[in-house]
Amino acid sequence: MNLLRHSKLQLFVIACMAFSHSAFGQKKTAPITQAKWLIGSWKNQSEKTLDIETWKKLNDSTFLGRSYSLAGTDTVSSEHIRLEQHSGKLYYIPTVKNQNDGKAVTFTLTSSNNKHLVFENPEHDFPQKITYTQISKDSLVAEISGTWKGKQKAIPFPMRRIK
């Protein structure tokens, strides 16, 4: 009798383990983990500006970003960004100096995989979409896009890792 109970218990444990590893019972990956490749410092040197973007992990649900553009020694744009995960959703929340009365704007992750992130806010003036695509371990393309003055516009920022 004891052996029978032990066998039933083993069978139950094996069945539970199989269920927990099945596609149906598997734990979904936290969306912010798909953005971990952003962590570090990135730059884009164009003819007119030097763009720098830096990301660091604050905790398991928040990454902090800072982005600025220099024209010579002048800072021509600056923003602080929070990448925050709440209730299984991921949000890109930039606060841009001298824009939107200093208030943050929230973009929601609408599409992602381990190398591509798309955040959207159709109510924002421009951009309505912010996309990050990892090209390689040391390069990415950030792009802002949407409708501007009645026309579709996209501005890519190819970047190289500097740290």
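Nothing here was measured: the structure is a model prediction, and the numbers come from that model.

(A) Geometry of the overall build of the protein chain. In terms of helices and strands, the protein chain carries one helix and ten strands. Along the protein chain, helices (α) and strands (β) appear in the sequence α-β-β-β-β-β-β-β-β-β-β when read from the amino end. For the protein chain, the residues scored as buried account for 33% of the 163 residues in total. Taking as baseline every contact in the protein chain between residues at least 6 positions apart, the subset at least 24 positions apart corresponds to 27%. Of the roughly 11100 Å² of accessible surface on the protein chain, 56% is carried by carbon and sulfur atoms.

(B) Region of the structure containing the packing of aromatic side chains. Tallied over the entire structure, the rule returns six aromatic pairs. Centre to centre, the rings of Trp-55 and Tyr-132 are 6.4 Å apart; their planes meet at 85°, and the pair counts as edge-to-face. Placement of Trp-55 in strand β2 (residues 50-59) and of Tyr-132 in strand β8 (residues 129-136) is noted, with a sequence separation of 77 residues between them. For the pair formed by Trp-55 and Tyr-132, the shared burial category is buried. Within the aromatic cluster, the residues linked to one another by ring pairs are Trp-55, Tyr-92, Phe-107, Phe-119 and Tyr-132.

Conventions used here
- Residues numbered from 1 in each chain as written.
- Predicted model: local features only at pLDDT ≥ 70, side-chain atom pairs only at ≥ 80, totals over all residues.
- Heavy atoms only, no water.
- Helix = DSSP H or I, 4+ residues; strand = E, 2+ residues; numbered from the N terminus.
- Buried < 20%, exposed > 50% of the residue type's maximum accessible area, 1.4 Å probe, protein only.
- Contact = heavy atoms within 4.5 Å.
- Areas by Shrake-Rupley, 256 points an atom, 1.4 Å probe, with all protein chains shown as cover.
- Phe/Tyr/Trp six-rings, centres within 6.5 Å; stacked < 30°, edge-to-face > 60°.

Taken by themselves, the reported measurements are silent on function.
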